[in-house]
Structure formats: C-alpha cells, structure tokens
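# Fold and geometry: a report
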Amino acid sequence: MHLSKDIARKVFKATARSRWKPADPTLWALLMRKYADRNRTILRWGMAAAVLSYIGYGLFDWLLFPDIAGRLILTRLTLGLGFLTLIEVCARRGAELATLHLIAASAIVAGAVGWLAFAIGTSHQSELSYFMVFGTVFILGANLFFNFRLWLSIASSVVVTVAFIAAALFSLNADIVGRAIVSVYFANCFILSLYLSWRLSLERYQEFLHTLRAQVQERAALEKGEKLGEIANTDPLTGLRNRRAIAREFSELSKQWAAGGRDIGDDAIGVLLIDVDHFKAFNDRLGHQAGDDCLMMLADAFAETASRHKAIAGRYGGEEFVVLCRIEGESKLRVVAEEFCRAVENLRISHPNRSDGHDIVTISVGATLTRADKSMELRVLLQEADRALYASKFAGRATLSIYDPAATDQERSDENLSRLLKVAVDRGLVSVAYQPIYDIVSEQVLGHEALMRLRDQDGSDISPEVFIPAAEQNGSIVELGTWLIDQACKDMVEHELGSLVTANVSVVQLRTPGFPLQITDILGRHGLSPQKLALEVTEGSDIFLEARAARNIEHLRSLGVQIWLDDFGTGFAGLAWLRRFKFDVVKIDRSFLHDSDTPRGAGLLQDMVRLLRNLGYAVLIEGVETEQQMMVLKQMDIHWIQGFLKGRPVPIEEVGQMMEGPFASRSVPKARAGVN
C-alpha cells in the first residue's frame, strides 16, 4: 500500500484524536479497499450459509404452523435462492463491495419481513409467540455477521426490529405481558448487537490505524537510515563518494574480480588519483567560495565521465579525487585517464594565478592497476597512484602518468623527491598537523598525535604515503623525524595539547646510534616530562632484525617515554612483538573497525580487543568516522579513539578550536589488564 505524505499526516492526526470521533473518510476507504477481496469472499460464503440456514428453518414451519407451512416454505425458498443468485451474479460481474452489502442487507430485510408477513396469519398463535424469537437471527446477521457499514447495519436491523415489535404488539394473539416481553426482547437484542457491531467496527478501524502508523514509522526509519547511510558515504561538498565509500566500493570490486565475475576482457581494477593543478593559487586569488564552486563543477564532470565507463568517482580529500574502474589493461587505463583530463579542460574554468603558461584549471592524474603478482590492497594501489601523480607533477602538470617502477620518469620523480626531502627542513617545507586522541568515557581530549606534512616548492601537498617511504629509503627520515618530535614537544609545552603528544618513529630512526639521547635532549630543552611523550612504532618491519632498535626501545622505556604500537594487525610481527616488547598502548588499525559492520568483522575486532586486554595492553581504535562506529566501541567498553568523527588533523593554530571539553589532567596510564 502506497502511503503518501498526506495519508501519513491523516494517520497521525487520527491516532491522536479520541477513538470515539468519526472515522476519517479517506482512511476508512483505505480500510475497505485493503480488505475488499476478503470481505467479498466472506460475504459470498456467508450468504450461502445464511440462505441454507434460512431454508432449513422451514422444518420448524412445517411442524409448528401446518396450516400455512407450504406458503412459508415457498417464501423461504423463493427469497433465499433468489437473493443468493443475485449476489453470485453481481459478484461474478465485479460489482463493488458496497453494492453486494446493499443486496445482502436487502436479503436480510426481505427474508425477515416476508416470512413474518405470512406467519402472522397462522392459527397457531401460541406457537408463533415462541417462534418469533427466530427474528433475532436477522438482527444479529445485519449487525454482526456481514461487516456492514454502521449506517447499513442500523437501517436494516431497525426495519427488522420495528417489523417484529409491531407484529408482536398489534397482530400477535397473545396476552399483553407476552407481547410486551417479545417486544422488549427484540429491542434489547437490537441495541446490544448494534453496540457490539459499532465496537467491532471501531476496533477494526483502530487496529488498521495503528498498522498504518507502524508502516509510516518503519518507512520513516528506513528513509532516515538510508539518508544517514548516504550522508556517511557522501562528500558533503561535491556529492561524490567519500574515502570511506571508495574503500567499500573497492572491496566489492575486489570480491567480484577475485570470484571471477568479470566481463569478457576485464582483467584488472584501475585506480586513478586526480589532483587539481595549482589549486592553492586558485583559492588564494579567487577565494574559497570560488574554490568550492570549482570543485563542484569538476565533480560533475568526473561523475559524468565515470558513468560512461561504468567507473566510480569519489573525493579523496581537499582537491584530490579518486576513480575506480574495471579495466582491460594499461592502454585502456590511459584512454580513461585522458578522458578525465579532457573533461576538465573542456570546462574552460579560468585560472588567473598560474605561472606555467596555462590560463584554465587542469588536472594531473596518477594511475595504476591491479596485477597478478601484487597484493590487491587499496592502500598499496593508492600509494602507487600517488607516486605516479607526483611524476605527472614533475613532468609539468596537466598530464597523466601510469605507475611503472621501471620507468625513467618515475625514477626522475623519485630523485626529485629525494632532493626535496633533504632540503625540506631548511626551507620550511615541513609542518605538523595534530589529530586529537579522544576519551569517549570522560568525553575529553586526552592528547594529540603529531603528523608530519610536506609541501612541494610550489605549495602543493605531497602525500605522506609518498614521501615517508622515500624518506626512509634515502635516510632523510632521521632528520625529518627528529624535527617532528622536537616541534611536537615544543607545541606541547607552549599550547598545552593535553596529557600527552604522540609521534610516529621509523625503524630507521630507532636504529640510529644515540637516538634515546636525542630524545632526552629534546625533552630537557623544552622542559617536558618523558611520560607526556609517546613514540608510535608501526607494525610494518621486523624490529627483531634490528638489535640496536630493540635496545633503543628498551632505553626509551627506562627513561619514561611511552612506546605505542601503531596499526596493529596490518604487519607481520603480530604476537611476537607483543611477547618481546611491553607497549603502553596498542592502536588497532582502522581497517578492522571499518569491517565491523559485518558479523565476521565485528567478531574479529572483538577477539582482537579481548586478546590485547588479556595480555594487559591498553587499546586505542583508529579511524572512527561515524556515531554508529563509536556506539559499537562503547558496547565493547573501548575508551580511547581517534578519527575524523572527533577531529581531523589540523595545524597548531586550529587545535584550540577542535577542543570539545577540558583536558584530562592525568597522563595516560601504563598498560595493565582490563584497561580499555
């Protein structure tokens, strides 16, 4: 049943009114329509049963009124079979239920009055005075048996009641007491059955109203759920899918691809990472509103281009977009990427603040595709696409590059990045963004994680997924990492970032001789307590193979610096690390939380939390993006979280605006069983 907004409004209005008020005509019509087929069936079978009973009562006519038995029986047969035939003919011809009800009511009145008209002339008046109670069957039939509308029940039962009372008072040859008793009996039967008919009709109507209201509320809940789901997976500015939705779409594509559910010729999943060229300069010159308008226009062009190739377009963040597509190979991937470039150029969006000879908005594209000999993880593919994107920027922008580790221009872009990393600190190209660590029990910001950011000479951002591996490879991570920790400790003292500040450290840093002494010097220069600094070690390389790194970790712990394990569950160390080292906090990777919307994923996350607690570790969950995810963590009795729901990484100047409550004055407790 279609429930329009008008119907929904009438339903809520009707349920709020007194139940004794008249029924809403529209809702009553819906009730009749809903049960029309059932009522037609009841009427036809009910009429057959009533006629059979009506004719069967002729046996009593034969026994009680032998003087007129023939006429009475003939009357029963004629009226009963006549009306039954009329009902069947009308029903088979598709007559409305109201018409059939009118015929049935007429049959009741005719059957009662017709029989009474002949019976009143019998000479057996005494037997008639007893048998007249048979007339109540007609009253009950009119009021209770056929589910007539109330007005039809009243009209038909009134005619029958008046006929029998009139016959009893004025035609029956009996004493006044007997006639009065029969009359009162009929009147009482009429009132009682009519009351019951009204109550049953009212209850049916009320039940129908509550059923409709439940349907309206269920539909509203579903629509709200769909809307919330859409909001959770949609970028609010462009209307494209957000990073969370892109990750889900890739997971679905991967399952289909792995299961062999591919079209002829499809042998890979392509990933395009798109960056708007010189977008910061565009914003600086024209303002953020113009920048937003530009991104929305680009999003429309991306969505239209993606639809032509059955691809999926989303906003990855800032001026970066990502596209997923089923692809036949590298040549087809290049064709698709070129179409996205042309789609943007065809918009002819003026860019008055470029210094490279272009005067319109263009994009650079980095692309990659899944390969049989490579892990098919979105994270890995995005890293490859990001490196290809950097190669496009190095080649002069407004172009595309497809990831190829052996390609010359890829090597040149890596060399260029390597040179940039070596001068990044001196030229002020590195900065720090702080993301809050939140305690959902106390509803306080516990502290902040310091995240390194790098920008190119022209001001465009370079993804950490690109420059961190490159910095580890060429050794510049030591200088960059030391600078990050120093800046984080300085900001911790000057801006009161909470109970602690955390920073990621690479194995390259940990194996550096004298690394604990560098940390001691930094803490001493800024007057920061060691317990307020936590160094996060990523479960991505085997510290067991780095004896110096392991010794440095133990030395740092003895100094009072906290050691956290980051991205737990994504590396290969697993339980071996947990047995070898004593971490203060273990951060479970965001991927496990994002998979917890399935029973299997939720069970896996719960098992990981239970394992870590049994080993005595405090637990922090990364990647919390929705209220629903936070509710899941509350049910698991998780205290500490990190994610976009409670704060994105922001510069130190904006940290104060992100604060949602007073800072906890205590420092993070050391790991112990039962915590978090």
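Residues numbered from 1 in each chain as written. Predicted model: local features only at pLDDT ≥ 70, side-chain atom pairs only at ≥ 80, totals over all residues. Heavy atoms only, no water.

The subject of this paragraph is the side chain of serine 153. Locating serine 153 in the fold gives a position in helix H9 (residues 150-170). Contact partners of serine 153, with chain neighbours within four places excluded, come to Ala142, Asn143, Phe148, Leu194 and Ser197. (Helix = DSSP H or I, 4+ residues; strand = E, 2+ residues; numbered from the N terminus. Contact = heavy atoms within 4.5 Å.)

Parts of the prediction with low pLDDT should not have their coordinates interpreted in detail. Mean pLDDT over the protein chain works out to 83, with 88% of the residues at or above the 70 mark. Confidence over residues 261-265 falls short of pLDDT 50; this stretch has 6 contacts with residues more than four positions distant or in other chains. Note that residues 660-675 has pLDDT below 50 and, in this model, 45 contacts with residues that lie over four places away or in other chains. (pLDDT = per-residue confidence, 0-100.)

What follows deals with the packing of aromatic side chains. Taken as a whole, this structure holds 18 aromatic pairs when the rule is applied. When the ring of tyrosine 57 is compared with that of phenylalanine 134, the centres are 4.6 Å apart and the planes differ by 40°; the resulting orientation is tilted. Of this pair, tyrosine 57 sits in the loop between helix H3 (36-56) and helix H4 (58-64) while phenylalanine 134 is found in the loop between helix H7 (125-131) and helix H8 (136-145), placing the two residues 77 residues apart along the sequence. The exposure class of phenylalanine 134 is buried, given its relative accessible area of 5%. Within the aromatic cluster, the residues linked to one another by ring pairs are Tyr54, Tyr57, Phe60, Phe65, Trp115, Phe131, Phe134 and Phe138. Above the face of the tyrosine 54 ring, arginine 76 is positioned so that its terminal group lies 5.0 Å from the ring centre. (Phe/Tyr/Trp six-rings, centres within 6.5 Å; stacked < 30°, edge-to-face > 60°. Buried < 20%, exposed > 50% of the residue type's maximum accessible area, 1.4 Å probe, protein only. Lys NZ or Arg CZ within 6 Å of the ring centre and 35° of its normal.)

The 5 strands are arranged E2-E3-E1-E4-E5 in an open sheet whose pairing can be described as mixed. Looking at strand neighbours, the two that pair on one side only are strand E2 (312-317) and strand E5 (400-402), the edges of this open sheet. Each strand of the sheet is rotated relative to its neighbour by a mean of 20°, with strand direction disregarded. Sheet contacts for helix H13 (residues 288-308): strand E1 (268-276), E2, strand E3 (320-327) and strand E4 (363-369); angle to E2, the most-contacted strand, approximately 150°. (Pairing = 2+ DSSP bridges. Axes fitted to C-alpha atoms, helices over the stretch in contact; angles between N-to-C directions.)

Here we take up the pattern of salt bridges. With the rule as written, the count across this model stands at 18 salt bridges. For aspartate 486, the salt bridge goes to arginine 525, with nearest N and O atoms at 2.5 Å. On the criterion of sequence distance, the pair formed by aspartate 486 in helix H18 (residues 477-495) and arginine 525 in helix H20 (residues 515-526) is long-range, its members being 39 residues apart. Given the relative accessible area of 19%, aspartate 486 is considered buried. Between glutamate 622 and lysine 587 there is a salt bridge, and its shortest N-O distance comes to 3.5 Å. (Salt bridge = Lys/Arg side-chain N within 4 Å of Asp/Glu carboxyl O.)

Compared with the 24 Å implied by 1.5 Å per residue over 17 residues, the 24 Å span of helix H15 (residues 378-394) between its first and last C-alpha is a close match. With 13 of 17 residues buried, H15 lies mostly within the body of the structure. (Expected span 1.5 Å × (residues − 1).)

Here we take up the environment of leucine 533. Within the fold, leucine 533 resides in strand E10 (residues 533-538). Judged by relative accessible area, which is 0%, leucine 533 ranks as buried. Once the C-alpha coordinates of leucine 533 and leucine 500 are considered, the two residues, 33 residues apart in sequence, prove to be 5.6 Å apart. Apart from the residues lying within four places of it in its own chain, the contact partners of leucine 533 are Ile485, Cys489, Val501, Ile519, Leu523, Val561 and Gln562.

Right, let's talk about the pairing of E4 for a bit. Of all the 7 residues making up E4, 7 are buried; the element is thus mostly covered by neighbouring parts of the structure. Along E4, one buried face is formed by Ile363, Val365, Ala367 and Leu369 and the opposite face, lined by Ser364, Gly366 and Thr368, is buried too. Strand direction decides the pairing type here: E4 and E5, joined by 3 bridges, are parallel. Across the sheet, valine 365 pairs through a bridge with leucine 400, a residue of E5.

So, on to the pairing of strand E13 (residues 618-621). Burial of E13 is two-sided: the residues Ala618 and Leu620 facing one way and the residues Val619 and Ile621 facing the other way are all buried. Pairing geometry for strand E12 (residues 585-588) and E13, over 4 bridges, is parallel. Its bridge partner lying in E13, lysine 587 is registered against leucine 620. Pairing between E13 and strand E14 (residues 640-641): 2 bridges, direction parallel. What sits directly across from isoleucine 621, in E14, is isoleucine 641. For the crossover that starts at E13, traverses helix H25 (residues 627-635) and ends in the parallel E14, the hand is right-handed. (Right-handed = clockwise from strand over helix to strand, strands pointing away.)

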